[in-house]
Amino acid sequence: MKILVTGGGGYVGTRLVNKLLDLNHEVIVVDIFWFPNFLKKRKNLKIIKKDIIQLTDKHFKDVNTIIHLASIANDPASNLDPKLTWEISCQGTMHLCELAKKNKIKKFIFASSGSVYGIKKEQNVTENLSLLPISDYNKTKMVAERVILSYKKFFSCYIIRPGTVFGYSEKMRLDLMINILTFQAMTKKTINVFGGKQTRPFIHISDMIDIYIFFLKKNKKPGIYNASYGNLSALKTAEEIKKIFKKCKIKIMKSNDPRSYRLSSQKLKKTGFKFKISLHEGINELKKYFEIGKIKNTKSAYSINWIKSKN
Ligand SMILES: NC(=O)c1ccc[n+]([C@@H]2O[C@H](COP(=O)([O-])OP(=O)(O)OC[C@H]3O[C@@H](n4cnc5c(N)ncnc54)[C@H](O)[C@@H]3O)[C@@H](O)[C@H]2O)c1
């Protein structure tokens, strides 16, 4: 199957593209490559270094499915240039949808975010709850979802709302909570936790990728799906990491961000999808990659610092 992956050079994209190629799919990556490219030349892989807004019909020949990951991918980076965030998420997404419609694409799978709900008092944050996004990043994800769903007559739309992803990718991100806390435990022997009570939904990158592939392969009901293995406070997460790095200390620092986010993934589980990687297994995997030198403290692993340094 021929699949077009936008943002395929990013943290999730790089690992996803390699797995799609392992499964013998033909993959077109469209990425502006803000970060260095960690995708190696491979059979069935075509890389187009472009902004999604520059795509035209010729890029969609025989494409069956679009997996749309391209975005400014967190709050602080979006705050650097809110206008650009809106342009990429909304105009860029609409441009893709128009091309998808014209070229008779079958499926459109979108990486939204669990943060579109904003702060909820409900313990079970399910897909039917109202959306009250707070930041530009969250708001543009919500609008992009609506743009995509307005094309549901023309192709099957799958909107995935993931929690914070963690785990190894060839294009590593160390600005994600579990990744950075594990990196601190490994290198500094101290885990710095800001506040500690704030809850975050989390998902291992390998489960994240399997969800995209699950909706690609199976003919499941189109719609919106939360995607998180579980919800855990920052302190509990640090305690889990300490179980593996026994000698490290946990240091609680003052935080002025008391926000907690949670997600319920019951709807996704009812489709038959099974999460495979627990927090404990995922942290152990990170440890293994640190130990064999595959994870390095490079500048490009911190999205905001990297983007700032390039402007
Ligand atoms: N990583 C997470 O914890 C997480 C959680 C929830 C949702 N998501 C979403 O999943 C997607 C992938 O996240 P990630 O962590 O891999 O982010 P990332 O920043 O590593 O990757 C995003 C990629 O998109 C590319 N890009 C940005 N704007 C583009 C444009 N206009 N045209 C072409 N390419 C463009 C960037 O160059 C980058 O390679 C994002 O949409 C993100 O919002 C990520």
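Every chain begins its residue count from 1, and numbering advances along the sequence as written. A pLDDT threshold of at least 70 governs which residues receive local features in this predicted model, and a stricter bar of 80 or more applies before side-chain atom pairs are shown or counted, although totals over entire chains, interfaces and linings include all residues.

A. Up close: the site of the ligand. In this text, near has one meaning. A residue is near a molecule or strand if its C-beta atom, placed using the backbone, is within 6 Å of it. In the vicinity of the ligand there are 29 residues, among which G7, G10, S71, A73 and A111 approach most closely. Among the secondary structure elements, those contributing two or more residues to the shell around the ligand are helix 1 (11–22), strand 2 (26–31), helix 3 (82–102) and strand 7 (164–166). We count a stretch as a helix when DSSP gives it H or I for four or more residues in a row; a strand needs E for two or more, and each element gets its number in order from the N terminus. Take the shell around the ligand: its biggest share by element is three residues, from helix 1. Under the convention adopted here, Pro, Cys and the residues Ala, Val, Leu, Ile, Met, Phe, Trp and Tyr are nonpolar, Asp, Glu, Lys and Arg are charged, and Gly plus all remaining residues are polar. Taken together, the residues of the shell around the ligand sort by class into 16 nonpolar, 10 polar and three charged.

B. View of helix 5 (residues 177–187). Within the sequence span of helix 5, burial applies to M177, I178, N179, L181, T182, Q184 and A185. Where helix 5 is buried, its residues contact strand 7, strand 8 (190–194), strand 9 (199–204), helix 7 (234–244) and helix 9 (279–291). Where helix 5 terminates, the next one or two residues include K189, which has phi positive at roughly 65 degrees. Partly exposed residues are those whose C-beta has more than 12 but fewer than 20 other C-beta atoms within 10 Å; 20 or more makes a residue buried and 12 or fewer makes it exposed, with C-beta atoms placed from the backbone. A pair of residues counts as a contact when their C-beta atoms, built from backbone coordinates, are within 7 Å of each other.

C. Structural detail: the packing of helix 7 against helix 9. The geometry of helix 7 relative to helix 9 is characterised by a closest axis approach of 10 Å and an angle of 55 degrees between their N-to-C directions. Relative to helix 9, the element helix 7 is oriented oblique. For the pair helix 7 and helix 9, the sense of crossing is right-handed. Between helix 7 and helix 9, the residues in contact are E240, I241 and I244 and L279, H280, I283, N284 and K287, respectively. Split into classes, the residues belonging to the contact of helix 7 with helix 9 amount to four nonpolar, two polar and two charged. Every angle, taken between N-to-C directions, lies between 0 and 180 degrees, and every axis is a line fitted to C-alpha atoms, over only the stretch in contact when it is a helix. Throughout, the term roughly parallel applies to angles under 35 degrees, roughly antiparallel to angles over 145, roughly perpendicular to angles from 65 to 115, and oblique to all others. When the near helix sits turned anticlockwise from the far one by under a right angle, the crossing is termed left-handed; a clockwise turn instead gives a right-handed crossing.

D. Molecular detail of unusual backbone geometry. Residues other than glycine seldom take positive phi values, yet F33 does so here, at roughly 55 degrees. Take F33: it is sitting in the loop between strand 2 and strand 3 (45–49). The backbone of N44 sits at a positive phi, close to 75 degrees, despite the residue not being glycine. Secondary-structure assignment places N44 in the loop between strand 2 and strand 3.

E. Quick peek at helix 6 (residues 205–217). In this scheme, a helix's expected span is set at 1.5 Å multiplied by one less than its residue total. The end-to-end C-alpha separation of helix 6 is 18 Å, in line with the 18 Å expected for 13 residues at 1.5 Å each. Buried within helix 6 are the following residues: I205, S206, D207, M208, I209, I211, Y212, F214 and F215.

F. Representation of the nonpolar core within the structure. Counting 72 residues, the largest nonpolar core has V5, F108, I109, F110 and I160 as its most contacted members. With seven residues, helix 6 is the single largest residue contributor to this core. Discounting chain neighbours no more than four positions away, the residues touching F110 are H68, A144, E145, I148, Y158, I159 and I160. Note on terminology: a nonpolar core is any set of buried Ala, Val, Leu, Ile, Met, Phe, Trp, Tyr and Cys residues joined through C-beta atoms within 7 Å. By size, the runner-up hydrophobic cluster in this structure holds five residues, among which are V116, Y117, V125 and L263.

G. A look at the sheet that holds strand 2. We treat two strands as partners when DSSP finds at least two bridges between them. Strand order in the open sheet formed by seven strands is 3-2-1-4-5-6-10, with parallel pairing between adjacent strands. Strand pairing shows two members of the sheet lacking a second neighbour, strand 3 and strand 10 (223–227), which therefore form its edges. Averaged over neighbouring strand pairs, the angle between their axes works out to 15 degrees when direction is ignored. The sheet contact formed by strand 4 (residues 65–68) and strand 5 (residues 107–111) spans four bridges and is parallel. When the bridges of strand 5 are listed, I66 appears paired with F108.

H. Seen up close, the sheet that holds strand 7. As summarised here, the arrangement of the three strands in space is 7-9-11, forming an open sheet in which the pairing is mixed. Two strands bound the open sheet, and with one partner strand each, they are strand 7 and strand 11 (230–233). The mean angle between the axes of side-by-side strands here comes to 45 degrees, regardless of whether they run parallel or antiparallel. In this sheet, strand 11 lies alongside strand 9 in antiparallel orientation, the contact comprising four bridges. Opposite P201, over in strand 11, you have N231 as the bridge partner.

I. Examining the packing of helix 5 against helix 7 more closely. It is at 10 Å that the axes of helix 5 and helix 7 come closest, and there the two elements cross at 45 degrees. Classed by the angle they form, the pair helix 5 and helix 7 counts as oblique. As helix 5 runs across helix 7, the sense of the crossing is right-handed. Residues M177, I178, L181, T182 and A185 of helix 5 form the contact with helix 7, whose participating residues are A234, T237, A238 and I241. Class assignment for the residues of the contact of helix 5 with helix 7 results in seven nonpolar, two polar and no charged.

Note that all results are geometric; they support no functional claim without further evidence.
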